[in-house]
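Next come the chains, spelled out residue by residue.
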Amino acid sequence: MFRDGALRPADRRIEVRSPWDGETVGTVPADTPRELDDAIRRVRAAWRPMPPGDRSAVLRRAAALLTDRAAETATLITRESGVCVAETRKEVERAAANLTVAAEEAERLRGESIPLPARDRLAVTLLEPAGIVAALTPFNRPLNQVVVKVAPAVAAGCAVVLKPSERTPLTALAFAALLVEAGLPPELLVVTTGAPGEIGPALAGHPEVDMVTFTGSVRTGRAVAAAAAGRKLLLELGGNDPLIVLPDADLDLAARLAADGAFATAGQSCRGVKRVIAVGEIADPLVSRLAQAARDRRTGDPLDPATQVGPLISEEAAAEVERRLHDAVAAGAKPLCGGERKGALLTPAVLDHVPPGVELVVEETFGPVAPVIRVGDVDEAVAVANGTAYGLQSGVVTSDVTAFMRIAAGLRVGAVNLNAGPQFDSPHIPFGGVKASGLGREGVRYAIREMSVTKTVTLPLP
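Residues numbered from 1 in each chain as written. Predicted model: local features only at pLDDT ≥ 70, side-chain atom pairs only at ≥ 80, totals over all residues. Heavy atoms only, no water.

Focus: the sheet that holds strand β6 (residues 121–129)
Overall, antiparallel pairing links the three strands, which are arranged β5-β6-β24 in an open sheet. Edge positions in the open sheet fall to β5 (113–115) and β24 (452–460), since each of these has one partner strand only. Neighbour-to-neighbour, the strand axes of the sheet open up by a mean angle of 25°, direction not taken into account. Where β5 meets β6, three bridges bridge the pair, whose relative direction is antiparallel. Among the inter-strand pairings, P115 is bridged to a residue of β6, identified as L122. (Pairing = 2+ DSSP bridges. Helix = DSSP H or I, 4+ residues; strand = E, 2+ residues; numbered from the N terminus. Axes fitted to C-alpha atoms, helices over the stretch in contact; angles between N-to-C directions.)

Remarks on the state of the cysteines
Applying the stated criterion across every chain, the model contains zero disulfides. Looking at C337, it has no disulfide partner, and the nearest cysteine sulfur is the one in C84, 18 Å off. (Disulfide = S-S within 2.5 Å.)

Focus on the pairing of strand β11 (residues 232–236)
Burial analysis of β11 places four of its five residues in the buried class, which makes it a mostly covered element. As paired strands, strand β10 (residues 211–215) and β11 are joined by five bridges and run parallel to one another. Bridge pairing links T213 to L234 in β11. A crossover links β10 with its parallel partner β11, the connecting element being helix α8 (residues 218–227), and its sense is right-handed. (Buried < 20%, exposed > 50% of the residue type's maximum accessible area, 1.4 Å probe, protein only. Right-handed = clockwise from strand over helix to strand, strands pointing away.)

A few points about empty space enclosed by the protein
A complete count under the given rule lists three cavities of 30 Å³ or more for this structure. Its boundaries defined by the atoms lining it, the largest cavity holds a volume of some 220 Å³. What lines the largest cavity is a set of 18 residues, and nearest its centre among them are R94, N144, V148, R271 and E442. Residue assignment for the lining of the largest cavity shows that the elements contributing at least two residues are α4 (85–106) and α5 (144–156). Broken down by element, the residue count for the lining of the largest cavity peaks at four residues, all from α5. Across the lining of the largest cavity, the residue classes tally to seven nonpolar, five polar and six charged. (1 Å grid on protein atoms, 1.4 Å probe; cavity = no way out; pocket = protein on both sides within 12 Å on 5 of 7 lines; lining within 4 Å. Points joined across faces, edges and corners; volume = space filled by probe spheres on them. Nonpolar A, V, L, I, M, F, W, Y, C, P; charged D, E, K, R; others polar.)

Comments concerning the layout of surface pockets
In this model, the largest pocket occupies a volume close to 1,200 Å³. Together, 40 residues line the largest pocket, and F139, G216, S217, V218 and T220 are the ones closest to its centre. Taken together, the elements giving at least two residues each to the lining of the largest pocket come down to α7 (196–204), β10, α8 and α11 (315–330). Sort the elements by how many residues they give to the lining of the largest pocket and α8 lands first, with six residues. The class makeup of the residues in the lining of the largest pocket is 17 nonpolar, 13 polar and 10 charged. Put simply, the second largest pocket is a space of about 640 Å³. Forming the walls of the second largest pocket are 23 residues, and the residues nearest its centre are E87, K90, R141, D260 and A264. Of all the secondary structure elements, the ones that give two or more residues to the lining of the second largest pocket are α4 and α9 (251–263). Within the lining of the second largest pocket, the residues separate by chemical class into six nonpolar, eight polar and nine charged.

Dropping the structure here:
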């Protein structure tokens with residue numbers, strides 16, 4: 001366990017293996033619930049909120065240190081996650097940007113004054129840290145998924161107990177050490193690694209934890225929510241994000257957005273393009289361009305800077321995507337390219353005429369797949385887009401602003417992007433979904449608010 005600024009020795013350890021070649025990248029402690037309980041109680045006893053200026057300074061130094069170590073950090077992410085290094089370099093840049101924004105927001109924590117109708121008292125609201133935040137993160141984007149939880153927690157003045165995925169814990173441990181080096185008091189951060197079935201419930205349900213923030217699957221998220229009953233919750237539970245392409249769309253733009261959104265990080269992104277919904281006569285030329293974009297993607301060794309699509313997190317994950325592809329074809333979808341699997345590597349696939357009820361597009365499919373669903377008009381596009389349990393983000397490609405606003409009003413999602421894919425991201429805007437996609441909002445400023453509590457103070461006026 002990483003606590004008090006150092007990685008403690010452990011009797012049991014977990015091997016972390018590369019999804020590309022199966023080689024051991026490193027080992028981490030297999031913590032027990034008893035050890036975790038002791039660590040959390042130590043955090044509670046030691047926790048005192050840092051002054052906002054100190055929080056900001058730590059986050060700025062962390063951003064600078066991360067930028068200085070960008071190359072080695074990107075390589076570490078690639079080795080343990082299999083995501084190609086061309087993309088993990090961008091992930092490091094994105095994480096540094098989130099740290100910088102968190103540093104700025106740490107100095108902007110303000111309540112409000114509320115003159116009361118009777119005019120004899122004044123109410124003032126204060127933002128105070130929620131306390132101890134338990135953060136549970138998934139395997140994909142193992143640096144930025146950690147940063148978007150830990151940085152707002154630090155900015156809010158909270159202590160953090162982090163449980164990264166057992167598949168990609170090394171990046172989280174390296175980042176924790178970097179934060180302490182940047183000046184974070186070591187008693188305010190614990191990183192626990194262990195069997196998720198043991199450590200996850202013990203962390204989410206611990207009586208000294210004040211808030212739980214989780215990113216992962218719906219099934220696990222609901223188990224976390226049950227364990228955390230009575231505590232503040234921030235849940236990001238994935239998406240089945242559509243890119244809707246209207247007949248007047250810029251075809252080159254639409255194909256590029258679809259390919260980038262479907263194939264980035266080998267399709268293992270909650271906000272990636274999971275469905276391409278083509279309206280009317282646009283479908284034929286769009287599909288042709290999209291298939292060519294898929295064929296042009298270079299797959300292979302993720303440490304090769306020329307590689308654009310690396311392996312999935314495991315061979316089992318790739319086999320599951322392959323099965324869904326075969327089932328969709330059996331149901332009538334037309335395979336155009338890709339879908340060949342070798343171990344954990346799956347070549348980018350494009351399927352046309354995909355029935356909207358097949359598992360490939362009803363469930364969240366974590367793989368490099370661009371399924372095209374053809375619809376007749378805007379109303380059908382909205383109905384198909386809303387026809388899953390998820391509602392995270394979406395994109396619409398059109399020059400018709402009136403049609404766009406009509407679609408935006410009809411979609412049950414957390415964000416709608418005009419002439420951008422659902423993968424559009426900025427640290428300055430809220431991020432989160434509706435329906436099964438989660439509860440609450442990330443995005444630095446909004447996550448800080450989620451990790452704070454409002455205290456109201458009233459006082460008499462002279």
